[in-house]
Amino acid sequence: MAVLLSTLATEIVIPVAAVIGIVFSLVQWFIVSRVKVTPGRHAPPAGPNSNKNGFNDYLIEEEEGLHDQNVVAKCAEIQNAISEGATSFLFTEYQYVGVFMVVFAILIFLFLGSVEGFSTKSQPCTYDAQRTCKPALATAVFSTVAFVLGGVTSILSGFLGMKIATYANARTTLEARKGVGKAFIVAFRSGAVMGFLLAANGLLVLYITINVFKVYYGDDWEGLFESITGYGLGGSAMALFGRVGGGIYTKAADVGADLVGKVERNIPEDDPRNPAVIADNVGDNVGDIAGMGSDLFGSYAESSCAALVVASISSFGINHEFTSMLYPLLISSMGILICLITTLFATDFFEIKAVKEIEPALKKQLIISTVLMTVGIAIISWIALPSSFTIYNFGVQKVVKNWQLFLCVAVGLWAGLIIGFVTEYYTSNAYSPVQDVADSCRTGAATNVIFGLALGYKSVIIPIFAIAVSIFVSFSFAAMYGIAVAALGMLSTIATGLAIDAYGPISDNAGGIAEMAGMSHRIRERTDALDAAGNTTAAIGKGFAIGSAALVSLALFGAFVSRAAISTVDVLTPKVFIGLIVGAMLPYWFSAMTMKSVGSAALKMVEEVRRQFNTIPGLMEGTAKPDYATCVKISTDASIKEMIPPGALVILTPLIVGTLFGVETLSGVLAGSLVSGVQVAISASNTGGAWDNAKKYIEAGASEHARTLGPKGSDPHKAAVIGDTIGDPLKDTSGPSLNILIKLMAVESLVFAPFFATHGGLLFKIF
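Please read all numbers here as calculations on a predicted model, not as lab measurements.

J.: What should I look at first to understand the overall build of the protein in this one?
T.: Scanning the protein from N- to C-terminus turns up 25 helices and four strands. Relative to its length of 767 residues, the protein is compact, with a C-alpha radius of gyration of 26 Å against a globular reference of 27 Å. Viewed in the frame of its principal axes, the protein has a C-alpha envelope of about 85 × 65 × 45 Å. Counting over 767 residues, the protein shows a buried share of 65%. Of the contacts formed within the protein by residues at least 6 apart in sequence, a portion of 84% connects residues at least 24 apart. Element-wise, carbon and sulfur atoms account for 68% of the exposed surface of the protein, whose accessible area totals about 25,800 Å². A distance of 2 Å separates the average location of the 49 positive side-chain charges in the protein from that of its 58 negative side-chain charges.

Here it is, written out as structure tokens:
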């Protein structure tokens, strides 16, 4: 049966969907920008919708007779300080990353060019010796170009997300004066700007790159899609530095601010007297927004690349079926349109009127997008795939039906939702696991730590079963291509996932600004409610990121094994087994580095904050201003210096193992790091999230049980703060960075596979 969607229609649908995503994000940004952060009455002309978005609502301040203009000016001043700190950090980070990008691009060119001795002659194709393909030198050049494009898109995704978040935080605070619903909409719309910009940019750049490369490659689709893998490598390499650097920055500031401010001086979390408070708020943006954006962009780029590589050596690539070949991109296009409809449910169709409606509204986003996307995938599978086709499976072509491929994508999509909800169950203080952790604070910090660790380990069970089932189903139906599209299924609702994820740090910053601007207790309660919901959704976002990373790296592993022409990976051979055991150790080595980095950076921060409290007269009384800039500089310098060793570990491992020990040992390393990395990442993220929300549960005092543990400053609360401080680097530095470790090593191995297959294993050749 012929494919219903013509090549021309495919050429139109994908870029149009991407452009719609970009336009939608700009519309959301415009609506957010209508909230003014300049003093004075701000009431745009009243239209039919003006009251819906709350432009003409009265403010709490007016009701309480407070002076409005000073508050607005103060919010604007704090917002500028946060924005400047975040921008200067990212520019410093990108200078270092830029140098790395140039050096690594040269490495890619030299390694891949040397496969055929920099020959410009055409060569027989790997999978069909009767045909000739473009020379290895072309793969080297185009892989390098794709790597740079992926890196730049990743950096841009993170930077734009950070800019939008720092633009929206004070606006969320100001809207909280009108009601919790108004503040929620501003925070959520701002998150949506980032989500849609990232999803649409990633899709558009990948689509344009494929079409430009096609001009040179012509009929050689195998070479074309092999060189496209550089795009995924660029995305992930930049994400690694964004995640690790941002994670160290945010937690050094957070731990320093908490230990001296909350524990020693007994002042509130975002008190303006605390010198580390601006650095803490900057950290939320560079770690949780810029880092998360780059991370999920990397996952998206890699799963697309893995699917395209496997498809190019299957019937789609051999028969030059353009629409079927771009099936992964069509899924992403449908995802943007589905997420657009889903977003309207949160911002336009329903209005939030009470605090307790916030978390359900965010959860509904996940459910609605998943249900609608299932229908979307069915439509794409029906119109873009022939009823039967073959998929390359370790040397043989396996016959697959289009409904089987639909099930592969759907199982990935629903596994993502399950992982999200299990993560939520273990990290939200609405359920018993976190309440038990809070209760354990009665007997001090030690029992709190024991309960938190146990919760983290336990929370791994169901996500691993969900990943295992999706791997089994998708591999049984469509081999490695099935796993690649299952990963894409999990990431197909990335725009909604990122909107929910970015909402968290924006709300967190909004609460900090409310505290620093001296706003009333009622406003702080509203921003705290937004922040508590954001904490849980941030954990859900990390669950998604780790689950998709597991599937993506497995798909990349399959593509690597195919590219390196290994027919089987035998665990019982010593070459492979040593790789397995070393690979399983790498996540621990990496976590040790990142945790210690946070610890040493936090130590410097604690010393500086203490110094200021002890030496600046009138600081504790609030009559003198702290030196925020020094704390921002400590975090910046520490994170830039400390992100290099963990980054080097991840990037150099595949190069050293592949060159010295060969592709079989490297396949063992990849399998080992995947298996142990996923477990460590999930337990670290969930332990940290549970400790954080146990502390917030005690602070909020919303239930009878919580009130028996409080109030702030009580012994159980102090124990909870210690647990939260230990959990900070686990949930925001080590845990989320591990998913990049397992993806990046796999995609790097795939890009360098021709070199390792030709020249690798030097040690075994010598002995």
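J.: Teacher, can you tell me more about a nonpolar patch on the surface here?
T.: A grouping of Val571, Phe577, Ile581, Val582, Met585 and Trp589 is seen on the molecular surface, where their side chains present a nonpolar patch of about 540 Å² in accessible area. If you trace the backbone, Met585 turns up in helix α18 (residues 574-615). For Met585, a relative accessible area of 34% gives the class partly exposed.

J.: Which parts of the structure should I look at to understand the side chain of Glu302?
T.: If you trace the backbone, Glu302 turns up in helix α7 (residues 277-312). Despite being buried, Glu302 has no salt bridge partner; Lys743 is the closest side chain of opposite charge, sitting 4.3 Å away. With residues up to four places along the chain from it excluded, the contact list for Glu302 reads Gly232, Ser236, Val552, Leu556, Lys743, Leu744 and Val747.

J.: How should the pairing of strand β3 (residues 388-393) be read in this particular structure?
T.: Each regular strand shows side chains that alternate between the opposite faces of the sheet. By the bridge criterion, six bridges tie β3 to strand β4 (residues 396-401) in an arrangement that is antiparallel. For Phe389, the partnering residue across the bridge sits in β4 and is Val400. Between the antiparallel neighbours β3 and β4 lie two residues, among them Phe394 with a positive phi of about 45°.

J.: What is the right way to read the pattern of salt bridges from this model?
T.: Between side chains of opposite charge, a pair can form as their charged atoms come close. All told, the structure shown has 28 salt bridges when counted by the stated rule. Here Glu264 makes a salt bridge to Arg610, at a shortest N to O gap of 2.5 Å. Of this pair, Glu264 sits in helix α6 (residues 221-264) while Arg610 sits in helix α18; the two residues are 346 residues apart in sequence, bridging distant segments of the chain. On the accessibility criterion, Glu264 (41% relative accessible area) is partly exposed. Judged by its relative accessible area of 37%, Arg610 is partly exposed. Note that Asp732 is salt-bridged to Lys731, the shortest N-O span being 3.1 Å. No difference in accessibility class separates Asp732 from Lys731, as the two residues are buried. Through salt bridges with shared partners, one network takes in Lys251, Asp254, Asp531, Lys542, Asp692, Lys695, Lys696, Asp724, Asp728, Lys731 and Asp732.

J.: Looking at this structure, I do not really get unusual backbone geometry. What am I missing?
T.: Within the chain, Asn266 stands out as a residue other than glycine whose phi angle is a positive 60°. Of note, Asn266 is situated in the loop between α6 and α7. A residue is classified by how much of its surface remains accessible, and Asn266, at 53% relative accessible area, is exposed. In this model, His320 sits at a positive phi of 55°, which is unusual for a non-glycine residue.

J.: What should I look at first to understand the side chain of Thr653 in this one?
T.: Inspection of the secondary structure assignment puts Thr653 in helix α20 (residues 644-661). For Thr653, a relative accessible area of 11% gives the class buried. Once residues lying within four places of it in the same chain are set aside, the contact partners of Thr653 are Leu586, Ala648, Val669 and Met745.

J.: I keep staring at the packing of aromatic side chains and nothing clicks. Help me out?
T.: For any pair of aromatic rings, the description consists of the separation of the ring centres together with the inter-plane angle of the planes. Counted under the stated rule, the structure contains 28 aromatic pairs. Ring geometry for Phe100 versus Phe104: centroids 5.3 Å apart, planes at 25°, classification stacked. You can see Phe100 and its partner Phe104 sitting in helix α3 (residues 68-113), four residues apart, about one turn around the helix. Looking at Phe100, the relative accessible area reads 17%, which means it is buried.

J.: Help me out: how do you make sense of the environment of Lys743 in this one?
T.: For Lys743, the position within the fold is in helix α23 (residues 715-751). Separated by 517 residues in the primary sequence, Lys743 and Glu226 have C-alpha atoms spaced 17 Å apart. Residues contacting Lys743, with those up to four places away along its chain left out, are Ser236, Asp295, Gly298, Ser299, Glu302, Ala549, Val552, Ser553 and Leu556.

J.: Is there a simple way to explain the packing of helix α12 (residues 402-427) against helix α15 (residues 461-491) in this structure?
T.: A packed helix pair is summarised by two numbers, namely the angle formed by the two axes and the spacing between the axes. Packing of α12 against α15 brings their axes to within 8 Å, and their N-to-C directions diverge by 155°. Of the possible angle classes, the one that applies to α12 and α15 is roughly antiparallel. At the point where α12 passes α15, the crossing takes the left-handed sense. Partitioning the contact of α12 with α15 into residue classes produces 22 nonpolar, seven polar and no charged.

J.: Just to check I follow, could you spell out helix α14 (residues 445-458) for this structure?
T.: Side chains of residues three or four places apart in an α-helix project in the same direction, reflecting 3.6 residues per turn. With 14 residues, α14 extends 20 Å between its outermost C-alpha atoms, agreeing within 8% with the 20 Å of an ideal straight helix rising 1.5 Å per residue. Within α14, burial applies to Asn448, Gly452, Leu455 and Gly456. Buried residues of α14, seen end-on, are gathered within an arc of 100° and therefore sit on one face of the element. The outward face of α14, more than 90 degrees from its buried face, is lined by the exposed residues Ala446, Ile450, Tyr457 and Lys458.

J.: What is the right way to read helix α4 (residues 136-175) from this model?
T.: Between its terminal C-alpha atoms α4 stretches 57 Å, which fits the 58 Å expected from 40 residues at 1.5 Å a residue. Its axis deflected by about 30° at Ala168, α4 carries its strongest bend there. Within α4, 31 of the 40 residues are buried, leaving the element largely enclosed by the surrounding structure.

J.: What exactly am I supposed to notice about the confidence of the model for the protein here?
T.: Reading predicted coordinates in detail is not appropriate for stretches of low pLDDT. Confidence along the protein averages 87 in pLDDT terms, with 95% of residues attaining 70 or more. For the protein, helix α2 (residues 60-64) is the element with the lowest average pLDDT, namely 46, and α14 is the one with the highest, namely 96. For the stretch residues 41-58, pLDDT sits under 50, and the model shows 36 contacts to residues farther than four places along the chain or on other chains. This model gives residues 60-66 a pLDDT under 50, and the stretch forms 15 contacts once residues within four places in sequence are excluded.

J.: Can you walk me through the nonpolar core in this structure?
T.: Counting 233 residues, the largest nonpolar core has Phe184, Tyr327, Ile358 and Tyr481 as the members making the most contacts within it. With 22 residues, the single largest contributor to this core is helix α5 (residues 180-217). With near-sequence residues (within four places) excluded, Phe184 lies in contact with Ala346, Ile352, Ile358, Ala361, Leu362, Tyr503 and Leu530. Counting 18 residues, the second largest nonpolar core, distinct from the first, contains Tyr426, Val434, Ala694 and Ile698.

J.: Could you clarify how one ought to interpret the environment of Val13 in this entry?
T.: The topology assignment puts Val13 in helix α1 (residues 7-33). What makes Val13 partly exposed here is its relative accessible area of 35%. Taking the C-alpha atoms as reference, Val13 lies 33 Å from Glu351; in sequence the two are 338 residues apart.

J.: Would you mind showing me how to read the packing of α5 against α6 here?
T.: Between α5 and α6, the shortest axis-to-axis distance is 10 Å and the interhelical angle comes to 145°. Once α5 is placed against α6, the crossing between them reads as right-handed. Where α5 approaches α6, its residues Asn201, Gly202, Val205, Leu206, Thr209, Ile210, Phe213, Lys214 and Tyr217 are matched on the opposing element by Trp221, Gly223, Leu224, Phe225, Ser227, Ile228 and Tyr231. Residue classes in the contact of α5 with α6 are distributed as 10 nonpolar, five polar and one charged.

Rules and cut-offs
- Residues numbered from 1 in each chain as written.
- Predicted model: local features only at pLDDT ≥ 70, side-chain atom pairs only at ≥ 80, totals over all residues.
- Heavy atoms only, no water.
- Helix = DSSP H or I, 4+ residues; strand = E, 2+ residues; numbered from the N terminus.
- Rg over C-alpha atoms; globule rule 2.2 N^0.38 Å.
- Buried < 20%, exposed > 50% of the residue type's maximum accessible area, 1.4 Å probe, protein only.
- Contact = heavy atoms within 4.5 Å.
- Areas by Shrake-Rupley, 256 points an atom, 1.4 Å probe, with all protein chains shown as cover.
- Lys, Arg positive; Asp, Glu negative; His and termini not counted.
- Charge placed at Lys NZ, Arg CZ, Asp CG, Glu CD.
- Patch = residues over 30% accessible without salt bridge, like charges linked within 9 Å, V, L, I, M, F, W, Y side chains within 5 Å.
- Salt bridge = Lys/Arg side-chain N within 4 Å of Asp/Glu carboxyl O.
- Pairing = 2+ DSSP bridges.
- Phe/Tyr/Trp six-rings, centres within 6.5 Å; stacked < 30°, edge-to-face > 60°.
- Axes fitted to C-alpha atoms, helices over the stretch in contact; angles between N-to-C directions.
- Parallel < 35°, antiparallel > 145°, perpendicular 65-115°, else oblique.
- Left-handed = near helix turned anticlockwise from the far one by under 90°.
- Nonpolar A, V, L, I, M, F, W, Y, C, P; charged D, E, K, R; others polar.
- Expected span 1.5 Å × (residues − 1).
- Arc of directions from axis to C-beta.
- Bend = angle between axes of the 7 residues up to and from the residue.
- pLDDT = per-residue confidence, 0-100.
- Core = buried A, V, L, I, M, F, W, Y, C linked by side-chain atoms within 4.5 Å.

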